[in-house]
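Observations on chain architecture
Chain residues, written in single-letter form:
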Amino acid sequence: MKKQNEIEKALGLDLCPIRTILAQISDKWTLLVIIILGDEELRFSHIAKKIPDISQRMLTQTLRKLERDGLVLRRVTPTIPPRVDYKITALGKSLFEPLDSMSKWAQDNQAAVLAARSKFDLEAEKLKTA
């Protein structure tokens, strides 16, 4: 992550708030973690169970990134072993409305997108065999 930050800074990409914020929240796992946390406070293991195809390392990185951006709060309870809980902050909750809009758009337009993909793939296949 440090190297990526250095490259972005050298290219001046860190100065574009839209690009930097969207890049942070639009990766493969971030939005899924935010949705899973919702209004709940969950332990790491509970989050991992709800996303069975995410590795422990990737979940840790995603949660750290969300914590760094102020979207998730990490709370450690000093027990043996330590209990670590995560919950969405007010800033993180402010993403719920745009996420709901995006989800509705995806549901409303899924058939059209799938049809466009099929049409594109069919035309691409025709060009290959021509």
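Residues numbered from 1 in each chain as written. Predicted model: local features only at pLDDT ≥ 70, side-chain atom pairs only at ≥ 80, totals over all residues. Heavy atoms only, no water.

The secondary structure content of the protein amounts to seven helices and three strands. A compact globule built from 130 residues would reach a C-alpha radius of gyration of about 14 Å, whereas the protein, at 19 Å, exceeds it by more than 25%. If you line up the protein on its principal axes, its C-alpha atoms span 65 × 35 × 30 Å. With 130 residues in all, the protein has 22% of them scored as buried. As displayed, the protein offers around 9800 Å² of accessible surface, 59% of which is attributable to carbon and sulfur atoms. Where the 22 positive side-chain charges of the protein centre and where its 17 negative ones centre are 5 Å apart. (Helix = DSSP H or I, 4+ residues; strand = E, 2+ residues; numbered from the N terminus. Rg over C-alpha atoms; globule rule 2.2 N^0.38 Å. Buried < 20%, exposed > 50% of the residue type's maximum accessible area, 1.4 Å probe, protein only. Areas by Shrake-Rupley, 256 points an atom, 1.4 Å probe, with all protein chains shown as cover. Lys, Arg positive; Asp, Glu negative; His and termini not counted. Charge placed at Lys NZ, Arg CZ, Asp CG, Glu CD.)

The next thing to look at is the pairing of strand 3 (residues 83-88). Note that strand 1 (residues 41-43) and strand 3 share three bridges and pair antiparallel. Within the sheet, the bridge partner assigned to E41 lies in strand 3 and is K87. Here strand 2 (residues 72-77) runs beside strand 3; their pairing, made up of six bridges, is antiparallel. Along strand 3, the bridge assignment pairs R74 with Y86. (Pairing = 2+ DSSP bridges.)

The α-helix advances 3.6 residues per turn, and as a result positions three or four apart in sequence lie on the same side. The end-to-end C-alpha distance of helix 5 (residues 56-68), which contains 13 residues, comes to 18 Å, matching closely the 18 Å that a straight helix rising 1.5 Å per residue would cover. Of all the positions in helix 5, only L59, T62, L63, K65 and L66 are classed as buried. Buried positions in helix 5, seen along its axis, are confined to an arc of 160 degrees and lie on one side of it. In this structure, helix 5 carries Q56, R57, R64 and R68 as exposed residues pointing more than 90 degrees from its buried face. On its buried side, helix 5 packs onto helix 2 (17-25), helix 3 (30-37), helix 4 (44-50), strand 2 and strand 3. Count one or two residues on from helix 5 and you reach G70, which has phi positive near 80 degrees. (Expected span 1.5 Å × (residues − 1). Arc of directions from axis to C-beta. Contact = heavy atoms within 4.5 Å.)

Attention now moves to the packing of helix 3 against helix 5. When two helices pack together, their arrangement is given by the angle between the helix axes and by the axis-to-axis distance. Where helix 3 contacts helix 5, the axes come no closer than 10 Å and their chain directions differ by 75 degrees. As judged from the angle between their axes, helix 3 and helix 5 are roughly perpendicular. Here T30, V33 and I34 of helix 3 lie close against helix 5, whose contacting residues are L59, T62, L63, K65 and L66. Class assignment for the residues of the contact of helix 3 with helix 5 results in five nonpolar, two polar and one charged. (Axes fitted to C-alpha atoms, helices over the stretch in contact; angles between N-to-C directions. Parallel < 35°, antiparallel > 145°, perpendicular 65-115°, else oblique. Nonpolar A, V, L, I, M, F, W, Y, C, P; charged D, E, K, R; others polar.)

Another point: the pattern of salt bridges. Within the structure shown, the criterion is met by seven salt bridges. Notably, a salt bridge pairs K93 with D39, separated by 3.7 Å at the nearest N-O pair. Placement of the pair is K93 in helix 6 (residues 90-93) and D39 in the loop between helix 3 and strand 1, with a sequence separation of 54 residues. Classification of K93 as partly exposed rests on a relative accessible area of 39%. For the salt bridge of R75 with E41, the shortest nitrogen-to-oxygen distance reads 2.6 Å. With R75 in strand 2 and E41 in strand 1, this residue pair connects regions lying 34 residues apart in the sequence. Assessed through its relative accessible area of 41%, R75 is described here as partly exposed. When salt bridges that share partners are traced, they join E41, R75, R83 and D85 into one network. (Salt bridge = Lys/Arg side-chain N within 4 Å of Asp/Glu carboxyl O.)

That's the geometry; what it means functionally is another story.
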